[in-house]
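Here are the chains, one letter per residue:
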Number of protein chains: 2
Amino acid sequence: MSFELLATDGAARRGRLTTPHGTVETPTFMPVGTQASVKAMQMRDVAATGAEVVLGNTYHLMLRPGAERVARFGGLHAFSGWNKTILTDSGGFQVMSLASLRKIDDDGVTFASHVDGSKHRLTPESAVDIQLKLGSDIQMQLDECVALPASPEAVARSVTLSLAWAARARDAFTATAPAGRLQFGIVQGGTDAAERARSAAGLIDIGFDGYAVGGLAVGEPQAEMFATLDHTVPHLPADAPHYLMGVGTPADLIGAVARGIDMFDCVMPSRAGRHGTAYTAQGRLNLKNAKWADDLEPLDPTSDCPAARDYSKAYLHHLVRVGEPLAATLLTWANIDYYQRLMRTLRDAIAAGTFTAIAAELSATWPPTPAAEPA
Amino acid sequence: MSFELLATDGAARRGRLTTPHGTVETPTFMPVGTQASVKAMQMRDVAATGAEVVLGNTYHLMLRPGAERVARFGGLHAFSGWNKTILTDSGGFQVMSLASLRKIDDDGVTFASHVDGSKHRLTPESAVDIQLKLGSDIQMQLDECVALPASPEAVARSVTLSLAWAARARDAFTATAPAGRLQFGIVQGGTDAAERARSAAGLIDIGFDGYAVGGLAVGEPQAEMFATLDHTVPHLPADAPHYLMGVGTPADLIGAVARGIDMFDCVMPSRAGRHGTAYTAQGRLNLKNAKWADDLEPLDPTSDCPAARDYSKAYLHHLVRVGEPLAATLLTWANIDYYQRLMRTLRDAIAAGTFTAIAAELSATWPPTPAAEPA
């Protein structure tokens, strides 16, 4: 088995995932490296935060530079210089959010590139093949994520289609993937408990190396996301990793770990960094705000992240205000570092059996309702 | 004396400048850190190229974050994290090129900020004071740079005014600057040999720690710049550093070193890097060009600069094409590194008495006429 469950504390889990590019201590947060780069960061600095997995976006990479080309380069690891684990999504989600002229049929999805209008097609099998060419350690199945709110019939139809695609994806992967590579199935079903259960059961029947909860983090309130996790995660195998896709804020992460999630990815810390916002142990700070103009303290003097430790808030404020590219680099770095520290804190708490107390402590900084976060 | 002349080879000079923040081996190229940041770079990586001086722009810094504020932060070094030598310009050149509503009188220049329209005034004395607050190691006098072409009368008037300002700047500096800090005068005079000679003589009479050639690199042909150096540099004291402001291409640097210049600054390597152009030992490369899409070679496998050594041209091409911020970081880094390697090569050649041969060799890659450079 590629996943080892090391400890539990309530529903929270401390685990270890092994891939062809190393081990991943879970719960883990995966920075997003959309186009073979974590935006504004050097991979050297991403690695220094303790990040053990970077996510690549199949949709973007199949368009530019192209999967065949990445394969000729020896895969995403050699291409980008990231030598630890890489997870790729299937491309399906971004086809639905970015591509134009998209058309789903039972066999797959046809779409036009948002870059140059060129026509492309993704099927469960071609998504496996493209991800093999990208050389990712962890693949995601092609699925269909229904837009919420949706009728019960639409939700059921998407679960049925995603399960059919899951079976085909698993067959294609089993037939072609080198040993050690992993493939995850994706639970769909919107907010419908019975459909989520049916989706999970179907995926388990097929048998994947890990199970993702999809279709969340699409604008729903945090309470609704947590409720969906409450009725979904218990259906997932305890001996496989649980991945909540596209999530989230620190409060989201803490609440989802409490509900048995092991893996996360989100553009939030990097996107926020590029827009002048820092995530720190003191909460979220808007560095654009004039109140930092004379603050000589670093973001976090106790951090061992150079971006959080070696520059004053006044300097970061100046860089943000004048539009220097270094602002994006330093704040993205500090944010990804904070997310990694948060995950380490949660991992240590689960191992020590103190998760509930630590989560309660953290909720003073990161209250569970996003609306209550500092603006 | 802060400057030691170690060797000469023809008119080319190998020297060493000592400032409160270390020694500077000359000839040297100074990356431009306009707003307390070398655009898209971390100072750690700038230092790794071997750069020993970074230039700060007084005009930008007096507007944002403001000289008083930088002084409260402990100066530019503490603010930006650059611990080696900093040279600041006087602000005058950028007042004339960027500010609106500028008005020169005999006492100084009044202008409105291009950022918010706020009114400011620079005089020879206030430019000294502001640069002292910024904490730079090397100050430039406030001068007036006449726009070319100009009438002989206008050139003469600007030389006379700049000399009057030079005397006032020197008095103010001598009265207030801590020991060890340096101040350079600026030779003006357009392309008029007699005015250049008069300007140099006047400055030497006042007595500065170094002498800059100003009013060049404003769009004139390279041959005209070299001709001006030919009739200007011989008037400068041999025992003081000679600084050619705002220059230039590798060919400019080689030709100017051959004419006795010791110091350079230019936005070219950093600006080019942000626009997808690399300066390498093989010449100038436009990484946007599709011909690099499948090139797995690094920019320079023999370089010890990570940006030039650890990434394929194909990856850099991809980053440029998709607009990833990392493209600007890596290409700026590689370019500044190449400029530093070029200066090391020239320094070694002068010390070895092989400057003419090495310059001739380099001219195969960097021919002396900019129009002949690869597009």
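No experiment lies behind these values; they were computed from the predicted model shown.

Draft legend 1. Geometry of the domain arrangement of chain A. Residues and elements named next belong to chain A. By domain assignment, chain A separates into domain 1 (3–266) and domain 2 (275–362). The gap between the C-alpha centroids of domain 1 and domain 2 is 27 Å. Contacts between the two partners involve 25 residues from domain 1, matched on the other side by 22 residues from domain 2. At 5 residues, helix H10 (residues 250–258) tops the list of elements feeding residues into the side of domain 1 that touches domain 2. A class-by-class count of the residues in the side of domain 1 that touches domain 2 yields 15 nonpolar, 4 polar and 6 charged.

Draft legend 2. Representation of the interface of chain B and chain A. Contacts between the two partners involve 31 residues from chain B, matched on the other side by 31 residues from chain A. When residues of the side of chain B that touches chain A are traced back to their parent elements, those giving at least two are helix H3 (67–72), helix H4 (75–80), helix H13 (313–322) and helix H14 (325–352) of chain B. At 6 residues, the largest contribution of residues to the side of chain B that touches chain A is made by H13 of chain B. Taken together, the residues of the side of chain B that touches chain A sort by class into 15 nonpolar, 8 polar and 8 charged.

Draft legend 3. The relation of the copies chain B and chain A, seen in detail. Relative to chain A, chain B is turned by 180° and slid 0.0 Å along the rotation axis, the superposed coordinates differing by an RMSD of 0.0 Å. The superposition operator between the copies reduces to a two-fold rotation axis. For chain B, the smallest separation between a C-alpha atom and the rotation axis is recorded for Pro325 of chain B, amounting to 4.0 Å. Both copies contact each other with a shared surface, as 100% of the interface residues of chain B are interface residues in chain A too.

Draft legend 4. Representation of the sheet that holds strand E1 (residues 3–9) of chain B. Residue and element names in this part refer to chain B. A sheet is described by the order of its strands in space; here 3 strands give the open sequence E1-E2-E3, paired in antiparallel fashion. The sheet terminates laterally at E1 and strand E3 (22–26), the two strands that pair on one side only. For this sheet the average axis-to-axis angle between neighbouring strands, irrespective of direction, equals 10°. Summarising the sheet, strand E2 (residues 12–19) and E3 pair through 5 bridges and their orientation is antiparallel. Paired with Thr19 across the strands is Gly22, a residue of E3. Where H14 meets the sheet, it contacts E1, E2 and E3, and its direction lies at approximately 115° from that of E2.

Draft legend 5. Spotlight on the sheet that holds strand E10 (residues 138–140) of chain A. All names here are of chain A. As summarised here, the arrangement of the 8 strands in space is E4-E14-E13-E12-E11-E10-E6-E5, forming an open sheet in which the pairing is parallel. Looking at strand neighbours, the two that pair on one side only are strand E4 (28–30) and strand E5 (53–56), the edges of this open sheet. Across the sheet, the axes of successive neighbouring strands diverge by a mean angle of 25°, strand direction being ignored. Across 2 bridges, strand E13 (residues 242–244) lies against strand E14 (residues 263–265) in parallel orientation. Across the sheet, the residue bridging to Tyr243 is Met263, located in E14. Packed onto the sheet, helix H8 (residues 193–206) meets strand E11 (182–187) and strand E12 (210–213) and runs at close to 155° relative to E11.

Draft legend 6. Broad picture of unusual backbone geometry. Residue and element names in this part refer to chain B. Looking along the chain, the bond that leaves Thr26 and enters Pro27 is cis, with omega of 0°. Within the secondary structure layout, Pro27 lies in the loop between E3 and strand E4 (28–31). Looking along the chain, the bond that leaves Arg64 and enters Pro65 is cis, with omega of 5°. Within the fold, Pro65 resides in the loop between helix H2 (58–63) and H3.

Draft legend 7. Here's a closer look at the nonpolar core. Counting 236 residues, the largest nonpolar core has Ala334 of chain A together with Ala334 of chain B as its most contacted members. Leave out the neighbours within four places in its chain, and Ala334 of chain B touches Ala278, Leu299, Cys305, Ala307 and Ala308 of chain B.

Draft legend 8. A look at helix H10 (residues 250–258) of chain B. All names here are of chain B. Buried residues dominate H10, accounting for 9 of its 9 residues. Those residues of H10 lying buried are Pro250, Ala251, Asp252, Leu253, Ile254, Gly255, Ala256, Val257 and Ala258. Looking one or two residues past H10, Gly260 carries a phi angle of roughly 95°, positive in sign.

Draft legend 9. Examining the pairing of E5 of chain A more closely. All names here are of chain A. The side-chain alternation of E5 yields two buried faces, one formed by Val53 and Leu55 and the other by Val54 and Gly56. The sheet contact formed by E5 and strand E6 (residues 85–88) spans 4 bridges and is parallel. Bridge assignment links Leu55 to a residue of E6, and that residue is Leu87.

Draft legend 10. Focus on the environment of Ala256 of chain A. All names here are of chain A. With respect to the helices and strands, Ala256 occurs in helix H10. Sequence spacing of Ala256 and Gly283 is 27 residues, and the spatial spacing of their C-alpha atoms is 19 Å. Apart from the residues within four sequence positions on either side, Ala256 is in contact with Leu229, Leu244, Val247 and Ile261.

Each value, and the rule that gives it
- Residues numbered from 1 in each chain as written.
- Chains lettered and ligands numbered in written order.
- Predicted model: local features only at pLDDT ≥ 70, side-chain atom pairs only at ≥ 80, totals over all residues.
- Domains from an automatic or database assignment.
- Contact = placed C-beta atoms within 7 Å.
- Helix = DSSP H or I, 4+ residues; strand = E, 2+ residues; numbered from the N terminus.
- Nonpolar A, V, L, I, M, F, W, Y, C, P; charged D, E, K, R; others polar.
- Least-squares fit on C-alpha atoms with pLDDT ≥ 70 in both.
- Pairing = 2+ DSSP bridges.
- Axes fitted to C-alpha atoms, helices over the stretch in contact; angles between N-to-C directions.
- Core = buried A, V, L, I, M, F, W, Y, C linked by C-beta atoms within 7 Å.
- Buried ≥ 20, exposed ≤ 12 C-beta atoms within 10 Å, placed from the backbone.

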